[in-house]
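Chain by chain, the residues run as shown.
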Amino acid sequence: MAFSGIAKTTGKLAVVVVAMFAFVFVVMVPLYNTLCQALGLNGKYSGKQYEVVQAKVDTTRTVKVQFVAVNAEGMPWQFQPMQASIDVHPGAVNTVEFYAKNVTDKDMVAQAVPSFVPAQAAQYFHKTECFCFRRQPLLAGADAKLPMQFIVDQALPAAITDIALSYTIFDVTAMDKADQAVTNR
Amino acid sequence: MSNQHVGEHHHGPAQGFTRWLYTTNHKDIGTLYLWFSFAMFILGGSFAMVIRAELFQPGMQLVRPEFFNQMTTMHGLVMVFGAIMPAFVGLANWMIPMMIGAPDMALPRMNNLSFWILPFAFAMLASTLLMDGGAPNFGWTFYAPLSTTYAPPSVTFFIFAVHIMGASSIMGSINIIATIINLRAPGMTYMKMPLFVWTWFITAFLLVAVMPVLAGAVTMMLMDIHFGTSFFSAAGGGDPVLFQHVFWFFGHPEVYILILPGFGVVSQIIPTFARKPLFGYASMVYATAAIAFLSFIVWAHHMYTVGMPVAGELFFMYATLLIAVPTGVKVFNWITTMFRGSMTFETPMLFAIAFICLFTVGGLSGVMLAMAPVDFQYQDTYFVVAHFHYTMVAGAIFSLTASVYYWLPKWCGRMYNETMGKTHFWISFVGFNLTFFPQHFVGLAGMPRRVPDYALQFADFNMMSSIGAFIYGSSQILFLFNVIRTIRAGKPISEPKVWDGAQGLEWTLPTPVPYHTFTTPPEVK
C-alpha cells in the first residue's frame, strides 16, 4: 500500500517539477514582456497602432524632449543625436535625426534600443517612423542620418514636462548574419 | 521493541569504500551529506578568509581585483548550494525517518543518486578556478549580462554544475515529501509530526517549486551564450531585467529553503533544554506555511533600484513587511517555551539561544531593507552583507552546529566534550559578531559590497571584521576536532534519551542508533 502511494506522490511531484521548468519559458518570459508593454516599462513598444489625431496640437503646453545616444560596450560606431533636445507641443508631429558613422573597415549592422525617463512617459511617446524599428546596416566607413518621427500624446500627464529618450546602439552583425543564413536556407 | 532483534533479519553495513558508494541506508546517506557539506563549508570558508584578508587594510595587498570577484562569487555559491543546503538534506535523511517511525526514506536508490552527483557538481564548479579566464566572477546572483555577455568562458561549467545541484536538490526534496506523506507510523498524524519534520516538509515543497525555475534561468543563460537567443540581451530584443525577475523568483524562496529547516532544529532543541513542550505548536506550523507562501510574492524587493512602478514598489514592500508577522510568531513561541522552563545551557542550547537572538537582529535589518525608500540607500552596501550573514550564518549555520551537538551523541553513542563545545560556542559567538556587526555601520556609511578596496574611513571597522572572521573561521577547526574526537574516543553512553528533556520517537531507539530502525512501525498514541 505504501509502495503505490510513494509512486503516486513521486509521479505528481515530477509533474510539478516539469511544469515549473516550463512555467519559466511559457509563462514568465511572455508575461514579463506583456506587462512591460502594457505598463510602458523599460521603453517597450505598446504594440498598438497609433491613430494620428489631426489638428489637435496642444499649443498651451511645451514639453522638452532630450536625446541621449549611448554605445554598448564593444560598439565602435560614432553615434549621436543631431540636436541635444527640442521643445515640442503635444499632438504635433516632430522629426529629429541621429548621426551614425561606421568608423571601422568592416561592414556592420546595428540595432538601437530605446529607454525613457520617466518610464511612464513611454506610453505617451508615439514614434511614427524610427530607425530603431529595424536593424541598420552601414558599409565600412559609411555614415548616415537616421530619422525619427514622433508625436507626444495630448494625454501626457501635466506633471511630465521633460522626457529623456536614450538610445543604446548594439553591434548585431553576428546575430544578423545568423538570421540571414536561416532565411536564405 | 522490534529493533531489539533486527540483527536476525538484516545485515549490518557492508565493509570498505563500496559501503558508501552503494549505500541506500538513510543514515549512511545522511552522514555522507553532512561530511560533504562540512568539506564545502571549509572550502567556502577559505574563500571568505581570502576576502577578509584582502579587506584587512585599505588598498590592494594580496589578490588581484579579478580574483577577489571570483572569491566573492565562489564563496556565495559554495556556501549556499554546497554547505547549507546539503547539510540540511543530510539532517533530513538522518532524522525524518526516525522522527516519523519509518524504516528508511521512501526512495532509497534515488537518495543514493541525489547525493553522489553532488561531488561531481562541486568538483566541476571548483575546477573553474584553474581555467583560463578564471572562475565565475559575477557574484552568486549571476546577473545577466555579467554572466552572459561579459562572463568568463568557465560560465558554461558553472551552468552545468548548477543544473546538477538542482537535480540533486529536486530528487532529495521529492524523496522527503514522499517519505513524509507515505511512511508515517500508524497514529503519526500530520499535526503530531515534530516541527523539524514539518519545516522540512514545507521546505521540500519550496524546493520542488523553485529549483526548476533556477534550472530555467541558467538554461536561458546557456542559450543566450551558445545558441544565439536573446532572452537577456537588449540588442536582440531581450531584457536583462527579466533575468533578475526570474532569478529572484527562485532566489527569495531559496533563502527560506536555507532557514526553515533551521527553524525546525531550534524548535526541537529549545523544548528539550527548557524541559517544556513547545509553546504554540499549531501556530508554529501555520507560521512556517505562511512564510513559505509569502516567499513567492516578495521577490522584487531585491530589485527596487532597477526601476519599477510605484505601485509595484508598494506591493512588494508591504508583502515583505508582512513576513515579519509569522516570523515574530515563531520568535515569540521560542521565547515563551523557555519562559519559566527548567533551563540548562548545554552546547546545543547555547547555539539555539544565540540563533534566536542573532536571527532576530538579522530579521530587523531585513525589515529595514524591505522598505523601498530606505533600500535605495542600503542597496548593494555592506549593510546587506551584514543582514544576510546574520540570517545565514547565525541562522542556518548556528542551527546546523546546534543540531550536530544535539544529535551526534544519539548517532554514534558517544558524548562530545562539553567544555570544548562551550568553548567553540563562545569563540564562534564573539567571532561572528565581531565580523558582522561592524558591517552594519560601514554599510550605512556607504561602503559598497563586492569591491576589493575601500575608503580610508572604513579601515578600523574592516580590520575588526577581518579579525572576527579569522576567529570565527578558526573556531570551526575546534568543532571538527571535537566531532572527530567524539566519534573515535568520546565517552560511551547507552541511555536512549541522551538529553533527559527530549521528546519524540527518535529518543525511544537504542543509543547508538542501530543501522536499521523501525523495521516494524511503532505505535504512536
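1. So, the overall build of chain B
Move 1: What chain B contains, in helices and strands, is 17 helices and two strands.
Move 2: The C-alpha radius of gyration computed for chain B amounts to 23 Å, which stays within 12% of the reference 24 Å derived for 525 residues, consistent with globular compactness.
Move 3: When the backbone C-alpha atoms are referred to their principal axes, chain B occupies close to 70 × 50 × 45 Å.
Move 4: Split into buried and exposed, the 525 residues of chain B put 54% on the buried side.
Move 5: Within chain B, contacts between residues at least 6 apart in sequence are counted, and of these 82% link residues at least 24 apart.

2. A closer look at the overall build of chain A
Move 1: Counting its regular elements, chain A contains two helices and nine strands.
Move 2: Going residue by residue from the N terminus, the α and β elements of chain A occur as α-β-β-β-β-β-β-β-β-β-α.
Move 3: The buried share among the 185 residues of chain A stands at 24%.
Move 4: Look at the contacts in chain A between residues 6 or more apart in sequence, and 72% of them connect residues 24 or more apart.

3. Re the environment of Lys-127 of chain A
Residues and elements named next belong to chain A.
Move 1: Mapped onto the fold, Lys-127 is located in strand E6 (residues 125-130).
Move 2: What makes Lys-127 partly exposed here is the crowd of 16 C-beta atoms within 10 Å.
Move 3: Lys-127 has contacts with Met-148, Gln-149 and Phe-150, leaving out every residue within four places of it along the chain.

4. Some points on the packing of helix H4 (residues 65-100) of chain B against helix H8 (residues 195-226) of chain B
Residue and element names in this part refer to chain B.
Move 1: In the contact formed by H4 and H8, the axes pass within 10 Å of each other and the chain directions differ by 120°. As judged from the angle between their axes, H4 and H8 are oblique. The way H4 lies across H8 gives a crossing that is left-handed. Between H4 and H8, the residues in contact are Ala-92, Met-95, Ile-96, Met-99 and Ile-100 and Phe-196, Val-197 and Trp-200, respectively.
Move 2: Here the contact of H4 with H8 is composed, by residue class, of eight nonpolar, no polar and no charged.

5. Considerations on H4 of chain B
Two residues of an α-helix separated by three or four positions point the same way, owing to the 3.6 residues in each turn.
Residues and elements named next belong to chain B.
Move 1: Compared with an ideal rise of 1.5 Å per residue, which puts 36 residues at 52 Å, H4 spans 50 Å between its outermost C-alpha atoms and is within 8% of the ideal.
Move 2: The axis of H4 is deflected most strongly, by about 35°, at Met-79.
Move 3: Burial of H4 is extensive: 33 of the 36 residues sit out of reach of the surface.
Move 4: Looking one or two residues past H4, Gly-101 carries a phi angle of roughly 75°, positive in sign.

6. Quick word on the confidence of the model for chain B
All names here are of chain B.
Move 1: On average, chain B scores 94 in pLDDT, and the residues at 70 or more come to 98%.
Move 2: Considering only residues more than four positions removed or in separate chains, one finds that residues 1-8, a stretch of pLDDT under 50, has eleven contacts.
Move 3: Two summary scores accompany this predicted model of the complex, namely pTM at 0.90 and ipTM at 0.87.

7. Describing the sheet that holds strand E8 (residues 143-152) of chain A
Residue and element names in this part refer to chain A.
Move 1: Judged by pairing direction, the sheet is antiparallel, and its four strands sit side by side in the order E2-E4-E8-E6 without closing on themselves. Of all the strands in the sheet, just strand E2 (78-81) and E6 have a single pairing partner and so form its edges. Averaged over all pairs of adjacent strands, the angle between their axes in this sheet comes to 25°, without regard to strand direction.

8. Focus on helix H12 (residues 324-338) of chain B
Residue and element names in this part refer to chain B.
Move 1: Taking 1.5 Å of rise per residue, the 15 residues of H12 would be expected to cover 21 Å, and the 21 Å separating its terminal C-alpha atoms lies within 8% of that figure.
Move 2: Where the residues of H12 are buried, they touch helix H9 (240-274), helix H10 (281-294) and helix H13 (347-370).
Move 3: One or two residues past the end of H12 sits Arg-340, with phi positive at roughly 60°.

9. Focus on unusual backbone geometry
Move 1: In this model, Val-117 of chain A is joined to Pro-118 of chain A through a cis peptide bond whose omega is -5°.
Move 2: Of note, the bond from Thr-511 of chain B into Pro-512 of chain B is cis; its omega dihedral lies within 30 degrees of zero at -5°.
Move 3: Within the secondary structure layout, Pro-512 of chain B lies in the segment after strand E2 (491-492).
Move 4: Even without a glycine there, the phi angle at Arg-340 of chain B is positive, about 60°.
Move 5: Following the sequence through the fold, Arg-340 of chain B ends up in the loop between H12 and H13.

10. Things to note about the nonpolar core
Move 1: Counting residues in hydrophobic clusters, the biggest one holds 168 residues, and the most contacted among them are Ile-84, Val-197, Ala-217 and Phe-355 of chain B.
Move 2: The residues touching Phe-355 of chain B, leaving out its near neighbours within four places in the chain, are Val-266, Ala-394, Gly-395, Phe-398, Ser-399 and Ala-402 of chain B.
Move 3: Of all hydrophobic cores here, the second largest spans 18 residues; its members include Trp-77, Phe-131 and Phe-170 of chain A together with Ala-234 of chain B.

11. Some thoughts on the sheet that holds strand E5 (residues 108-117) of chain A
Within a beta sheet, neighbouring strands are joined by backbone hydrogen bonds and run either parallel or antiparallel to one another.
Residues and elements named next belong to chain A.
Move 1: Taken together, five strands build an open sheet; the order of strands is E3-E1-E9-E5-E7 and the sheet is mixed. Pairing within the sheet leaves two strands with one partner each, and these edge strands are strand E3 (85-88) and strand E7 (136-138). Recorded for the sheet is a direction-independent mean angle of 30° between the axes of neighbouring strands.
Move 2: Of the strand pairs in this sheet, strand E1 (residues 63-71) and E3 are connected by four bridges, and their pairing is antiparallel. Residue pairing for E3: Gln-66 is matched across the bridge by Ser-85.

12. Description of the environment of Ala-178 of chain A
Residues and elements named next belong to chain A.
Move 1: The residue Ala-178 is located in helix H2 (residues 173-184) in this model.
Move 2: Overall, the presence of 12 C-beta atoms within 10 Å leaves Ala-178 in the exposed class.
Move 3: Note: C-alpha distance between Ala-178 and Pro-114 (64 residues apart in sequence) is 24 Å.

13. So, the interface of chain B and chain A
Move 1: Contacts between the two partners involve 28 residues from chain B, matched on the other side by 26 residues from chain A.
Move 2: Counting residues per element, the ones that place at least two in the side of chain B that touches chain A are helix H7 (155-182), H8 and H9 of chain B.

14. Here we look at the packing of H13 of chain B against helix H16 (residues 418-444) of chain B
All names here are of chain B.
Move 1: Contact geometry for H13 and H16: axes closest at 10 Å, N-to-C directions at 10°. Put simply, H13 runs roughly parallel to H16. Contacts from Thr-347, Leu-350, Phe-351, Ala-354 and Ser-365 of H13 reach H16 at Glu-418, Gly-421, Lys-422, Phe-425, Phe-429 and His-440.
Move 2: Each residue belonging to the contact of H13 with H16 can be placed in one class, and the counts come to five nonpolar, four polar and two charged.

15. What about the pairing of E8 of chain A?
Residue and element names in this part refer to chain A.
Move 1: Sheet topology places strand E4 (residues 93-101) next to E8; nine bridges connect them, and they run antiparallel. Residue pairing across strands places Phe-98 opposite Leu-146, the latter belonging to E8.
Move 2: Pairing between E6 and E8: five bridges, direction antiparallel. Counterpart to His-126 in the pairing with E8 is Ile-151.

16. Regarding the pairing of strand E9 (residues 162-171) of chain A
Residues and elements named next belong to chain A.
Move 1: Pairing of E1 with E9 involves eight bridges; the strand directions are parallel. Along E9, the bridge assignment pairs Gln-66 with Ala-164.
Move 2: With eight bridges connecting them, E5 and E9 associate as antiparallel partners. Following the sheet pairing, Ala-112 is matched in E9 by Ile-169.

Each value, and the rule that gives it
Residues numbered from 1 in each chain as written. Chains lettered and ligands numbered in written order. Predicted model: local features only at pLDDT ≥ 70, side-chain atom pairs only at ≥ 80, totals over all residues. Helix = DSSP H or I, 4+ residues; strand = E, 2+ residues; numbered from the N terminus. Rg over C-alpha atoms; globule rule 2.2 N^0.38 Å. Buried ≥ 20, exposed ≤ 12 C-beta atoms within 10 Å, placed from the backbone. Contact = placed C-beta atoms within 7 Å. Axes fitted to C-alpha atoms, helices over the stretch in contact; angles between N-to-C directions. Parallel < 35°, antiparallel > 145°, perpendicular 65-115°, else oblique. Left-handed = near helix turned anticlockwise from the far one by under 90°. Nonpolar A, V, L, I, M, F, W, Y, C, P; charged D, E, K, R; others polar. Expected span 1.5 Å × (residues − 1). Bend = angle between axes of the 7 residues up to and from the residue. pLDDT = per-residue confidence, 0-100. Pairing = 2+ DSSP bridges. Core = buried A, V, L, I, M, F, W, Y, C linked by C-beta atoms within 7 Å.

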